[in-house]
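Chain residues, written in single-letter form:
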Amino acid sequence: MSATTLAELPVGSEAIVQAMPTGRSALTRLREMGIVPGTRVRVTRRAPLGEPIEISVRGSCLSMRNHEAAHIIISAVGA
Amino acid sequence: MSNVASDIPLIAIVGNPNSGKTTLFNLLTGLKQKVANYPGVTVEKKIGECYSQHGKKLRLIDLPGAYSLNARSPDEAVLRDVLLGRRPETPRPDRVVCVVDSANLERNLYLVSQVLELGLPAILVLNMVDVAEKREWRIDAAKLSELLGIPVIKTQAVTGRGLIELKLALSRDDLPATKWRSAVIPDGVRTALEQSRGPLCETGAIHAKASLLEPLYLLSGHDPTHYGIEDSQMGRVHELRRSIDGAFPGWEDELVSARYRSIEELCAEVLRRPDQEIETITTKLDRIFLHPVLGFVNLVFVFALLGYLIFSVAAAPMDWIDGWFGQLGAWVESLMPPGDLRDLIVNGVISGVGGVVIFLPQIVILFLFIGLMEDTGYMSRLAFIMDWLMSKVGLNGKSFLPFLSSYACAVPGVMAARTIESPKDRLVTILIAPLASCSARLPVYTLLIGLLFPAKPLTQGLLMMGLYALGTGAAFVFAWIFSKGIMKGDSSPMILEMPPYKRPSLKSILLLVWQRAKAFLVRAGSIILGISILIWAASTYPKTDTEDKSLQLANSFAGQAGHFIEPVIKPLGYDWKIGIGLIGSFAAREVFNTTLGVVYAVESGDDDNLDPLREKLAAERRADGRPVFTPLVCLSLLVFYVFAMQCISTIAIVRRETGTWKWPLVQLGYMTGTAYVLSLLIYQVGSALGY
């Protein structure tokens, strides 16, 4: 399976976070809110015009734009 | 606070946003709390009192909600600075109550792990246990308490469950500090932080005795406020930060991951989750509220309901208040002999203050509504739905709440902008917030619309909606101009938590409404009262010999001021009497009605001052016999009020929020300039077309 990002994950699918670039302020905040490499994430929904997306992580729901999600590299669950 | 107060233990309540922290604080302190602001920032400071289970007095401080001590916004910076003892006006708390959302344990424990490391005696409160239980999450509180070495208490703040246990824990004299260490700072980074201590001391950012955690949070911070550090020293701080970043790339992110690893280990021992996620009420509700079509339908319904409540339901209590002030005026008139003093009390004080207090029902409804939307969790959904629209003008969904609050009043709206991380987005939001038609414009709109279309309620309603739409549209246009064209800087990432829906805490909402209503009445009793008296005096003095009331008004200070600005406002279709109203309005918009009330009451003598103002205005004639308030003048005035920046309180809060006079002046200039140009266009084009 080729490297995909959270922005490409279809609604309803789960994945595991593989990597995130370091030293970016917005991504550091996402890490602090629980999205770190190794975390299981699920896309709950997309807003009607494609953005923002809603992610379910560690029991909480976070929304973000594709701009941030596109930096989060994911892999399939169990891969 | 007196010296005695310092003997009473100060207990800080900390937690993530949406952890139910404030509900718990309200439950413990009730009306025994004071709301103020932290000097330098408009972050609300709430201090309250309660009694322990043993009858001992305790002081509680409700610190702003935050996700991390690594501060991003003024709110989060205040939490960090108070816990580190960096704010001179707020003593470092003696104890901490960490409130967490039980159904979101890992994420909430992140902040807790940072706070516990500071070494203050602590209690962990597992709040909203009912939500966790519904999801069949089993949390072993005893085990968690054993592993952390501090008391752990399950609560449900909305119902008061667990309150007695919490109070018992608060009463303990031997409250321990945790021994738990969640993340070890790598040696290299530790040394670098140690070495940064000396230079940081020189910049005045920290004291010599500061623990290692202070440079940690100051250097890893993305904090725009940098309280306690001179602007001129920020270069040094950034330099230190860059050198650590250069030597240990990604150290900050590594630390986050390490913390989460320890939290996961901890949770593996105390938390049992079902294999399959149980569908919650939140999931079901979001299918409706965030539905591509139903979500919008619901949004329209919510605002239609708000409009109905404000314009229709509020009418009856507003009439009562109007009636009471009318009766009060008549009663005072019957008691006192005619003269300046009676005139001052009846026409200055009673009609002036009454003209403002009448909006209390609308203010109460607005804040009740906003409080409900925030407390239930619906507000975040609005931000989610509105994000695409906000993104078109360079902002994001987080600017929506401050803007929405500004429809009640720009002052809390501007204050709500403090949750926006990017200084640029925050500034743009603050600059456009007063374009939302606040409740102070409502009386002016109502008066002028009534003049325009007497006895046509449907047309009146449509025009009213049009004015709100005009202000809203203008806000988006200016947001676009400011953020795309004029200002530089990064936009905030749109990272927003969608909290689970919950039953609102009526107590918390009523407390909020009470605090806002009180602030409104205090304002009416101070600023508005002062202005009313001033306007009355300015339109009464200096006294002339003439018996002609019109001549007397024309010669008064207010009349002279009105005449002075008449050349400027004449092209807009206004005469000098409207000019007096405009001058008064620059203190506060609602003063327009008051001023005209005072001006016309003064002019016509005081025997018929209780006649509706509208009839007086409709009967007002120019020297050539044409009415003053023609439809075109009313329209021109309405547009002027939509745009013009006329509110001393807003100017003051923007000055305090932005820390300079530059931005309130920019705001005053662009808003009032637009108002003038548009009103001029309307009147001149309309006149040329023969209206």
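**Brief notes about the nonpolar core**
Within the largest apolar cluster, 212 residues are counted, with the highest numbers of intra-cluster contacts made by B:Ile13, B:Cys98, B:Leu124, B:Val125, B:Leu448 and B:Leu638. Leave out the neighbours within four places in its chain, and B:Leu638 touches B:Tyr445, B:Leu448 and B:Leu467.

**Examining the interface of chain B and chain A**
Taken residue by residue, the interface counts 30 residues in chain B and 29 residues in chain A. Looking at the side of chain B that touches chain A, the elements with two or more residues in it are helix H4 (105-117), helix H11 (251-270), helix H17 (378-392) and strand E10 (496-497) of chain B. The element best represented in the side of chain B that touches chain A is H11(B), accounting for 5 residues. Of the residues assigned to the side of chain B that touches chain A, the class counts are 16 nonpolar, 6 polar and 8 charged.

**Examining the sheet that holds strand E6 (residues 73-75) of chain A**
Strand order in the open sheet formed by 7 strands is E1(A)-E6(A)-E2(A)-E3(A)-E4(A)-E5(A)-E10(B), and the pairing between neighbours is antiparallel. Each of the sheet's edge strands pairs with one partner strand only, and the pair in question is strand E1 (4-5) of chain A together with E10 of chain B.

**A few points about the domain arrangement of chain B**
All names here are of chain B. Structurally, chain B comprises domain 1 (3-171), domain 2 (187-247) and domain 3 (519-688). Each of domain 1 and domain 2 was reduced to a C-alpha centroid, and the two centroids are 27 Å apart. Contacts between the two partners involve 14 residues from domain 1 and, on the opposite side, 10 residues from domain 2. Among the elements that take part in the side of domain 1 that touches domain 2, helix H3 (residues 74-83) stands out by supplying 4 residues, more than any other. Its residues assigned to classes, the side of domain 1 that touches domain 2 shows 7 nonpolar, 2 polar and 5 charged.

**So, the environment of A:Thr4**
All names here are of chain A. Locating Thr4 in the fold gives a position in strand E1. Residue class for Thr4 comes out partly exposed when judged on the 15 C-beta atoms lying within 10 Å of it. Thr4 sits 56 residues away from Ser60 along the chain, and the two C-alpha atoms are 23 Å apart. When neighbours within four sequence positions are excluded, Thr4 is seen to be in contact with Leu9 and Ile74.

**Notes on the pairing of strand E3 (residues 40-46) of chain A**
Remark: a regular strand shows side chains that alternate across the two faces of the sheet. Residue and element names in this part refer to chain A. Bridging between strand E2 (residues 14-19) and E3 involves 3 bridges; their strand directions are antiparallel. Paired with Ile16 across the strands is Arg40, a residue of E3. Pairing geometry for E3 and strand E4 (residues 53-57), over 5 bridges, is antiparallel. Across the sheet, the residue bridging to Arg45 is Glu54, located in E4. In this antiparallel pair of consecutive strands, E3 and E4, the connection spans 6 residues, and Gly50 shows a positive phi of 95°.

**Looking at the confidence of the model for chain B**
Residue and element names in this part refer to chain B. Residues with a pLDDT of 70 or more make up 94% of chain B, whose mean pLDDT is 84. In the predicted structure, residues 606-610 sits below a pLDDT of 50 and forms 11 contacts with residues beyond four places in sequence or in another chain. Prediction confidence for the complex, expressed as pTM and ipTM, is 0.79 and 0.94 respectively.

**Some thoughts on the packing of helix H14 (residues 315-335) of chain B against helix H15 (residues 340-357) of chain B**
Helix packing geometry: the angle between the two helix axes and the distance between the axes. Residue and element names in this part refer to chain B. Put simply, H14 and H15 touch, their axes get as near as 10 Å, and they point 175° apart. The angle between the axes of H14 and H15 places the two elements in the roughly antiparallel class. Contact residues: Ile321, Phe325, Leu328, Gly329, Val332 and Glu333 in H14; Arg342, Ile345, Val346, Ile350, Ser351, Gly354 and Val357 in H15. Considering only residue class, the contact of H14 with H15 consists of 8 nonpolar, 3 polar and 2 charged.

**So, the pairing of E4(A)**
Residue and element names in this part refer to chain A. Within E4, 4 of the 5 residues are buried, which leaves it mostly tucked inside the rest of the structure. Relative to strand E5 (residues 60-64), E4 is paired through 5 bridges, and the arrangement is antiparallel. From the neighbouring strand, Glu54 faces E5, where its bridge partner is Ser63. In textbook terms, the turn of a hairpin is the stretch between consecutive antiparallel strands, and for E4 and E5 this stretch comprises 2 residues, one of which, Arg58, has a positive phi near 55°.

Reading the values: rules and limits
- Residues numbered from 1 in each chain as written.
- Chains lettered and ligands numbered in written order.
- Predicted model: local features only at pLDDT ≥ 70, side-chain atom pairs only at ≥ 80, totals over all residues.
- Core = buried A, V, L, I, M, F, W, Y, C linked by C-beta atoms within 7 Å.
- Buried ≥ 20, exposed ≤ 12 C-beta atoms within 10 Å, placed from the backbone.
- Contact = placed C-beta atoms within 7 Å.
- Helix = DSSP H or I, 4+ residues; strand = E, 2+ residues; numbered from the N terminus.
- Nonpolar A, V, L, I, M, F, W, Y, C, P; charged D, E, K, R; others polar.
- Pairing = 2+ DSSP bridges.
- Domains from an automatic or database assignment.
- pLDDT = per-residue confidence, 0-100.
- Axes fitted to C-alpha atoms, helices over the stretch in contact; angles between N-to-C directions.
- Parallel < 35°, antiparallel > 145°, perpendicular 65-115°, else oblique.

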